[in-house]
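Report on the structure
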Amino acid sequence: MKIAIAGSGAMGSRFGYMLHQAGNQVTLIDLWPEHISTINTKGLSVESAGEQKFVRIPAAFPEDVHDDFDLILLFTKAMQLSDMLKKIAHLLTENTAVLCLSNGIGNLENIQKVAPHIDLLVGTTLWTSELVGPGSVILNGSGYIEFQAIENVSHETVNKINDVLNAAGLNARPSNNVLLSIWKKACLNGVLNTLCTILDCKIMELNKSQYTSVLTKRIVAEFESVAKAKDIPLTAELALKTIDASLAPDQAGDHYPSMHQDIASGRRTEIDYLNGAIARMGKELNIPTPTNTLITELIHAREDIAVKN
Ligand code: NAD
């Protein structure tokens, strides 16, 4: 399959690499000049299980790509999706399906606003990846993808995309309720990412304080209320079970979450698409969301202090 990765950072590079290894024709699209030139001159450096290899995959700025693709994997941070879509507008033909696996609530609506007529699929993934410098990723662990066609996409195309993702070892499965998975992950991130960033700790360290468990329950209860009003079947019980499972050191526990790393590297975060989305929707729906509002404000304050430009 001819595949473009629009947003080839940590996750885009992982997926691009795995799809390329499975024999697909992959193009990496990104905005970061140093990243593109490093990949094109040295190859994409992929470190996995202590081994490093350099893989030749073409990388380019959006405006320099003019092919017809069967699939575009949209993989920027949530707040960069609209800009990326505008930059690849010339690649969005009627034969191109677009799959977005970025984290966050509201991505679907944002994509539909900018590109209303595309063959769109959205989903969520439990794969992870770390971008350690331009042209260089470290891949650990395994994961899976859940995805669902939103508009205009035939069963045949969904099955074809599913087969291609699975042939690359990405453990994909079509879902009938991907919005629940997206909200469940946003709730998980809305607790673990934010609390570890504010408290400057690893995920498993949240267990050391009784206050974090009280805060977690407050955050989750507000997610549940807003989800209910939006007909998303996310319950506090389900969310808390997912969060508890992630605290174990052999799961994600022994790591600083990505939002912590964003702040440490002086980058803005996806907070407006996590707790910020709950605060915004709560206001629209007249549902009180004081904890998510405060958490959003605290993370924005950390951004203002940490962000370089
Ligand atoms: P990232 O910041 O490493 O990658 C995003 C890339 O997109 C960057 O290289 C950036 O240069 C590029 N980009 C942004 N806007 C662009 C534009 N307009 N034109 C061209 N390039 C543009 O982010 P990531 O960690 O790969 O995360 C992507 C998404 O996946 C996020 O929603 C994140 O929450 C989610 N996610 C990440 C992980 C992880 O382990 N990193 C795991 C699961 C989900």
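Below: a short report on this structure. What you see is a predicted model; the values in this text were computed from it and never measured. (Residues numbered from 1 in each chain as written. Predicted model: local features only at pLDDT ≥ 70, side-chain atom pairs only at ≥ 80, totals over all residues. Heavy atoms only, no water.)

**Description of the side chain of T269**
Among the secondary structure elements, T269 is positioned in the loop between α10 (258-264) and α11 (275-285). A polar contact is formed between the side chain of T269 and the backbone nitrogen of I271, at a distance of 3.2 Å. Once you skip the residues sitting within four places of it in the chain, T269 turns out to touch M79, M259, D262, I263, I299 and E303. (Helix = DSSP H or I, 4+ residues; strand = E, 2+ residues; numbered from the N terminus. Polar contact = N/O pair within 3.5 Å; in protein donor to acceptor, adjacent residues only side chain to side chain. Contact = heavy atoms within 4.5 Å.)

**Structural notes on the packing of aromatic side chains**
As enumerated under the stated definition, the model contains one aromatic pair in all. Between F15 and F75 the ring centres are 5.0 Å apart and the planes differ by 75 degrees, which places this aromatic pair in the edge-to-face class. Of this pair, F15 sits in helix α1 (residues 10-21) while F75 sits in the loop between β6 (71-74) and α3 (81-87), placing them 60 residues apart in sequence. For the pair F15 and F75, one class covers both residues: buried. A cation over a ring is seen here: R173 above Y144, with NZ or CZ 4.2 Å from the ring centre. (Phe/Tyr/Trp six-rings, centres within 6.5 Å; stacked < 30°, edge-to-face > 60°. Buried < 20%, exposed > 50% of the residue type's maximum accessible area, 1.4 Å probe, protein only. Lys NZ or Arg CZ within 6 Å of the ring centre and 35° of its normal.)

**A word on the nonpolar core**
Judged by nonpolar contacts, the single largest core of 36 residues is most densely connected at F15, L19, L99, I145, F147, L165 and L170. In terms of residue count, α1 provides more of this core than any other element does, five residues in total. Residues in contact with I145, not counting those within four places in the same chain, are F15, L101, T124, T125, W127, L165, L170, N171, A172 and R173. Among the nonpolar cores identified, the runner-up in size contains 33 residues, and L195, C201, L206 and A239 belong to it. (Core = buried A, V, L, I, M, F, W, Y, C linked by side-chain atoms within 4.5 Å.)

**Here we look at the pattern of salt bridges**
Taken as a whole, this structure holds nine salt bridges when the rule is applied. Residue K208 is joined to E205 by a salt bridge in which the shortest nitrogen-to-oxygen separation is 3.8 Å. Taking the relative accessible area as the measure of exposure, K208 reaches 70% and is therefore exposed. A salt bridge links D304 to R268, with the shortest nitrogen-to-oxygen separation between them at 3.4 Å. With D304 in helix α12 (residues 290-306) and R268 in the loop between α10 and α11, the pair connects residues that are 36 residues apart, well separated along the chain. Through salt bridges with shared partners, a single ionic network connects K77, D262 and R267. (Salt bridge = Lys/Arg side-chain N within 4 Å of Asp/Glu carboxyl O.)

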